[in-house]
Amino acid sequence: MRAPSPNRLFQPGPLPAGGTLRLDADASHHALRVLRLRVGDPVELFDGSGPRWPGRLVDADPRGASVALGEPVLAGTESPVALGLAQALPAGDRMDWVVEKAVELGASAIQPLFSRRSLLRLDAARSAKRVAHWRRIAVAACMQCGRDRVPPVLEPVELARWVAAPGAPGSTDGPAAADGPARWMLSPDAGSGASALAGVPAGAWLLVGPEGGLDDDELARARDAGWRPLRLGPRVLRTETAGLAALAALQSRFGDLG
């Protein structure tokens, strides 16, 4: 595995291997104003699809800097297990922090959920703005932590409807699940935790309720759909902490942490 360059830039693809590319406004601003790069400085581009492209800045035009690219490299920064985080929306702007840290911890997809006890409610316009904001946070987190595949931040949906058919939790370099992803939901009343899980799943969703927890109907729907309760020790964690702690525990047990 190659360590990421400190001069990482996100540029929507496709990127031309061995060619010269003019950066878009965001990447140019980050290269010239934030990183303060000069002509001749090495850079590393990624487009969120998996590889990274080494390159060198050849033009520092503030309207659109240009980079000469080398051949793409697969750095192996994706976890061997696809772990999706399904997070009931927390209050305020705490979802910003959840998205950032989930990306750093290797989550392969992030599904915001409207739960009946969620304190945050969004209309269609506000929801679209928040999703765009969260997706920018995911890109920035990939730039910082060295991930080359940007995990999708999906549109918020109603939890009670989503748990019945969650779909695959993003893509992974590992094998595809033969019978669908494992389904785990955090619960302080569960009888066992991550240490009791047997086998290595090819993919799994981790469901985290809101500040007040899931209501009885949501719990019943989740259980009927095959969601297995999972405990995180003797302390009750905040919703924005619980999912991230569980991601770290599951990555340590099944993925690439540790």
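The coordinates are above.
Residues numbered from 1 in each chain as written. Predicted model: local features only at pLDDT ≥ 70, side-chain atom pairs only at ≥ 80, totals over all residues. Heavy atoms only, no water.

(A) Highlighting the sheet that holds strand β2 (residues 20-22). The strand order across the open sheet formed by five strands is β1-β3-β4-β5-β2, and the pairing between neighbours is mixed. Here the strands that pair on one side only, and so sit at the sheet edges, are β1 (8-10) and β2. Strand after strand, the sheet turns through a mean of 40 degrees between neighbouring axes, direction not considered. Two strands pair when backbone bridges link them, and β1 and strand β3 (residues 42-46) are joined in this way by three bridges, in the parallel orientation. Counterpart to L9 in the pairing with β3 is L45. Along the sheet, helix α1 (residues 25-34) contacts β1 and β4 (53-59); its crossing angle with β1, the most-contacted strand, is approximately 160 degrees. Across the sheet, helix α3 (residues 124-145) touches β1 and β3, and the angle it forms with β1 is around 155 degrees. (Pairing = 2+ DSSP bridges. Helix = DSSP H or I, 4+ residues; strand = E, 2+ residues; numbered from the N terminus. Axes fitted to C-alpha atoms, helices over the stretch in contact; angles between N-to-C directions. Contact = heavy atoms within 4.5 Å.)

(B) Region of the structure containing the nonpolar core. V99, I110, W134, W184, L206, L247 and L250 are the most contacted members of the largest nonpolar core, which has 38 residues in total. Those elements that provide at least two residues to this core are β6 (82-88), α2 (94-104), β7 (109-114), α3, β9 (182-186), β10 (203-208) and α6 (239-254). In terms of residue count, α3 provides more of this core than any other element does, eight residues in total. Not counting residues within four places of it along the chain, the set of residues in contact with W134 comprises L89, M95, D96, V99, P112, L122, V153 and P156. If you look at the next biggest cluster of nonpolar residues, it comprises 15 residues, including L9, L32, L37 and V43. (Core = buried A, V, L, I, M, F, W, Y, C linked by side-chain atoms within 4.5 Å. Buried < 20%, exposed > 50% of the residue type's maximum accessible area, 1.4 Å probe, protein only.)

(C) Geometry of the sheet that holds strand β11 (residues 228-230). With parallel pairing, the six strands of this open sheet are ordered in space as β8-β7-β6-β10-β9-β11. Of all strands in the sheet, those with a lone pairing partner are β8 (157-158) and β11, marking the two edges.

Remember, this is a structural readout, not a statement about activity or role.
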